[in-house]
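# Report on the structure
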Amino acid sequence: MDLETGSNKNHVKKESWRTVLTLAYQSLGIVYGDLSTSPLYVFNSTFAEDINHSETNEEIYGVLSFVFWTLTLVPLVKYVFIVLRADDNGEGGTFALYSLLCRHARVSSLPNNQLADEELSSYKTEISNSPDPDKFVSRVKSTLEKHRVLQRILLILALIGACMVIGDGILTPAISVFSAVSGVEQLAMHKEHHKYVEVPLACIILIGLFALQHYGTHRVGFLFAPVVIIWLLTISAIGLYNVLHWNPHVYRALSPYYMYNFLKKTQKKGWMSLGGILLCITGSEAMFADLGHFSQLSIKIAFTTFVYPSLILAYMGQAAYLSQHHVTAHDYDVGFYVSVPEKIRLPVLVIAILAAVVGSQAIITGTFSIINQCSSLGCFPKVKVVHTSTSIHGQIYIPEINWILMTLCLAVTIGFRDTRRLGNASGLAVITVMLVTTCLMSVVMVLCWHQSIFRAICFVLFFGTIESLYFTASLVKFLEGAWVPIALALIFMIVMYVWHFGTLQKYEFDLQNKVSVDWLLSLGPSLGIVRVRGIGLIHTELVSGIPAIFSHFVTNLPAFHQVLVFLCVKSVPVPHVEQEERFLLGHVGPREYRMYRCIVRYGYRDVHKDDMEFEKDLFCSIAEFIRSGKSDTNRDVHSGNDNEKMMVVGRPSTSAQGIQMWEDNFNDCEIVGTSEQNDIHSPVVNKSKKRVRFVVPESPKIDRGSQDELQELMEARESGVAYILGHSYMKAKPGSSFMKKLAINYGYEFLRRNSRASTHALSVPHASTLEVGMGYYV
């Protein structure tokens, strides 16, 4: 028996390691595609204009030393050993850090937070290394919660990081593909007009890349890892050959002394050339941003054992070749392909183009993901999100964003037409995201990990100083290409902030103008409210109270359905919400009024699928809520308290013990019990074409009142569902500031008219939709 147990344990251990190694293999194609193509343009961007590599090789050794220590300190030490530990339930990225801070302190910009959200299983996940936070941590937390300015700074930091990731999604495909096709110049060195081939070829590849996005990466994803593996093996083999053949002593350049000597000799020009050296860590942020698709251990294994050594060998080989072939700064032979033996340049060119496409594909998919997260958190207009894979989480496609990215990518490729200016632009975007991560990480270390302020300051000073050095070197190239990511980030930042500001203003208006349940109940005798057959589904952003849009509707049309459901679909600051915790339900008013509130909670990485199962799950959840009998039927409904008692109901379709709903084309409707004659038939209506039945589990038994309530819910469902949606427009109040009028009257309203409706993912049928127009003066 003991031997069998031990065998099983070993089997489990082997299976787990097999899974880790499989994930490590897959991560090579998704995570490291961008980082692995950086040798194509680092040396070319560094030696493009600012410095020349003279016969003494000091500049070449200095650049290699900077590349080696930059790769070692930033991707290896910072990301692999520190930042990857700050995951949010397995998810990474800028918004994961912001989400952690929102859960450990009340700094969230989302106004619809509830205490029930804190009971989510993923909400409670702690990553602190100290069980008892000290007084300093408490002071930091209280300071952040009291000062709205600090909360806005955290939000703006997260938005800046998101905007720069979007900018990187435009610039990285341009520089990767353009650098890859630059090998055509080497192959056609003696042919005329070879300079005019690169730009059209790069544009054709980019158009094809973006045009194929709607198919999804899962269809060709199995090719990604082999392409990157072949590419890394190729550049490392070429690098090893160049080291052994041209300069076996180039390893001496790994000493930090050469960095000091490089800056001492080149001074200002050397400092300005750091913007090119910075490109060696392009794509490092993907290790953290794509953490949700893999695991910490798999990403660490892939980088430390394969990616890192291959990149170091590649850069050493380029430096070894250049140390024996001194050329001028304006010579095109400073690029990657000149160090490739002439006989194999053609196959290397093909592999490089494929690797550039893979790296570009990864950053484009990451851009879709970050925009989807921003939209979920109310920081970006609603867009159409297409899930291209039913099995692979996170594989999405956003048509509008895809064509905008393609247009901008082609524009910068045609406008710049050289890797130097493209490198200046891409470098600034990359280093800005890293600076944002460093700043947010320091707060996470204090607030979430309960580390001492001394460690957090050391972290910021050490890595912040390194990144600030590169940031300033990139910023001085403002007129030489670095203005592009700043302009792009500014545009996207304005869009995000205006949308977020308008969303908050709209929610606050709804909150201030909501009506109490007492008002709704008092309308019956005064206005002659008529209850018609069917279900009225009122979409609202409020988590409590009656929305003003519904009171506006009832006042002008004094009738509503026999069953009312106030539906609120909201995002919570966690990456995923379990299906068993998705629905939060409660009664609005007394039980006999048949009015319910349903709050559907999604994480910022959850899939909002456009399917008809949502409606079925919604009504099954209401039926499960009725069957539970946990609602407070004796509550004083005239107390004016809008904080209804809510109950978490799991998604019934995922549980065999929950209520199941069946629909078919018959003329009657019934409740079916599994243990006894519990059948209650609704009156047969000959005109009805649909039969609805709830299959109730054997235990626990339900009382007569719950049976009657289920009976009425079935009758209403059989009669049909009407979706009552608000179609509102916003205007700034007279006397508002000029900036507020500009943001609301023009900015927000323009974005609202050109974005998707908030109910787009609910599959609302047009024939059953009733839109209620209302003006909001904020």
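Thresholds applied
Residues numbered from 1 in each chain as written. Predicted model: local features only at pLDDT ≥ 70, side-chain atom pairs only at ≥ 80, totals over all residues. Heavy atoms only, no water. UniProt positions renumbered as here; feature names shortened; annotations may be inferred. 1 Å grid on protein atoms, 1.4 Å probe; cavity = no way out; pocket = protein on both sides within 12 Å on 5 of 7 lines; lining within 4 Å. Points joined across faces, edges and corners; volume = space filled by probe spheres on them. Helix = DSSP H or I, 4+ residues; strand = E, 2+ residues; numbered from the N terminus. Nonpolar A, V, L, I, M, F, W, Y, C, P; charged D, E, K, R; others polar. Axes fitted to C-alpha atoms, helices over the stretch in contact; angles between N-to-C directions. Parallel < 35°, antiparallel > 145°, perpendicular 65-115°, else oblique. Contact = heavy atoms within 4.5 Å. Left-handed = near helix turned anticlockwise from the far one by under 90°. Salt bridge = Lys/Arg side-chain N within 4 Å of Asp/Glu carboxyl O. Buried < 20%, exposed > 50% of the residue type's maximum accessible area, 1.4 Å probe, protein only. Polar contact = N/O pair within 3.5 Å; in protein donor to acceptor, adjacent residues only side chain to side chain. Core = buried A, V, L, I, M, F, W, Y, C linked by side-chain atoms within 4.5 Å. Pairing = 2+ DSSP bridges. Patch = residues over 30% accessible without salt bridge, like charges linked within 9 Å, V, L, I, M, F, W, Y side chains within 5 Å. Areas by Shrake-Rupley, 256 points an atom, 1.4 Å probe, with all protein chains shown as cover. Phe/Tyr/Trp six-rings, centres within 6.5 Å; stacked < 30°, edge-to-face > 60°.

If you look the protein up in an unreviewed UniProt entry, it shows as Potassium transporter from Heracleum sosnowskyi. The protein has a UniProt comment under Sequence similarities (unreviewed entry) that states "Belongs to the HAK/KUP transporter (TC 2.A.72.3) family." According to the UniProt record, the Function (unreviewed entry) comment for the protein reads "Potassium transporter."

So, on to empty space enclosed by the protein. Remark: the empty space left among the atoms is shown by a probe the size of a water molecule rolled over them. Per the stated rule, a full pass over the model turns up eight cavities of 30 Å³ or more. As a volume, the largest cavity reaches approximately 480 Å³. Surrounding the largest cavity, 31 residues form its lining, A286, A289, D290, I363 and G366 being those nearest its centre. In terms of residue count, helix α16 (residues 345-376) provides more of the lining of the largest cavity than any other element does, nine residues in total. A per-class count over the lining of the largest cavity returns twelve nonpolar, 14 polar and five charged.

Orientation of helix α20 (residues 483-513) relative to helix α25 (residues 738-753), taken along the N-to-C sense of each, is 100 degrees, at an axis distance of 9 Å. When the axis of α20 is compared with that of α25, the two are roughly perpendicular. Between α20 and α25, the contacting residues are V495, V498, W499, F501, G502, T503, Q505 and K506 on the first element and K740, A743, I744, G747, Y748, L751 and R752 on the second. Counted by class, the contact of α20 with α25 contains eight nonpolar, four polar and three charged residues.

This part takes up unusual backbone geometry. Note on backbone geometry: most residues besides glycine have negative phi, and most peptide bonds are trans. With a phi angle near 55 degrees, H450 is a residue other than glycine that sits in the positive phi range. Considering the arrangement of structural elements, one finds H450 in the loop between α18 (419-447) and α19 (453-475). At R594, a position not held by glycine, the phi torsion is positive, near 55 degrees. Relative to the elements of secondary structure, R594 occurs in the loop between β5 (583-587) and β6 (595-603).

Each pair of packed helices can be described by the angle between their axes along with the distance between the axes. Taken N-terminus to C-terminus, the directions of helix α5 (residues 94-104) and α18 make an angle of 30 degrees; their axes are 10 Å apart at the nearest point. The angle between α5 and α18 falls in the class roughly parallel. Viewed along their axes, α5 and α18 form a crossing whose handedness is left-handed. Between α5 and α18, the residues in contact are T94, L97, L100, L101 and H104 and V436, T437, L440, M441, V443, V444 and L447, respectively. Of the residues in the contact of α5 with α18, the class split is nine nonpolar, three polar and no charged.

In the structure shown here, the tally under the stated rule is twelve salt bridges. The closest approach of N and O atoms between R591 and E709, which form a salt bridge, is 2.5 Å. Of this pair, R591 sits in the loop between β5 and β6 while E709 is found in helix α24 (residues 704-719), placing the two residues 118 residues apart along the sequence. When sorted by exposure, R591 lands in the same class as E709, which is buried.

Next up on the list: the side chain of H587. By the element assignment, H587 lies in strand β5. Judged by relative accessible area, which is 8%, H587 ranks as buried. Only 2.8 Å separates the side chain of H587 from the side chain of E709, close enough to count as a polar contact.

Grouped together as the largest cluster of nonpolar side chains are 166 residues, with contacts concentrated most on Y32, L71, W231, F303, Y315 and M441. The element best represented in this core is helix α7 (residues 148-181), accounting for 17 residues. With near-sequence residues (within four places) excluded, L71 lies in contact with L76, C280, I281, Y308, L311, I312 and Y315. By size, the runner-up hydrophobic cluster in this structure holds 29 residues, among which are V517, L520, F566 and L751.

This next bit is on the pairing of β6. Of all nine residues that make up β6, nine are buried, and the element is covered over most of its length. Bridge count for strand β4 (residues 559-572) against β6 is nine bridges, and the pairing is parallel. Residue V569 lies in a different strand from β6, and its bridge partner there is V600. In the sheet, β5 pairs with β6 via five bridges, with the strands oriented antiparallel. Bridging from a neighbouring strand, H587 pairs with Y596 of β6.

Bringing a nonpolar patch on the surface into the picture now. Together, I453, F454, I457 and L461 line one region of the surface with nonpolar side chains, adding up to about 410 Å² of accessible area. Note on placement: L461 falls in helix α19.

Glancing now at the packing of aromatic side chains. Per the stated rule, a full pass over the model turns up 17 aromatic pairs. Their ring planes at 85 degrees and their centres at 5.4 Å tell us that F550 and F566 sit as a pair that is edge-to-face. With F550 in helix α22 (residues 548-556) and F566 in strand β4, this residue pair connects regions lying 16 residues apart in the sequence. Comparing F550 with F566, the two get one shared label, buried. One aromatic cluster is present, built from ring pairs that chain together Y32, F303 and Y308.

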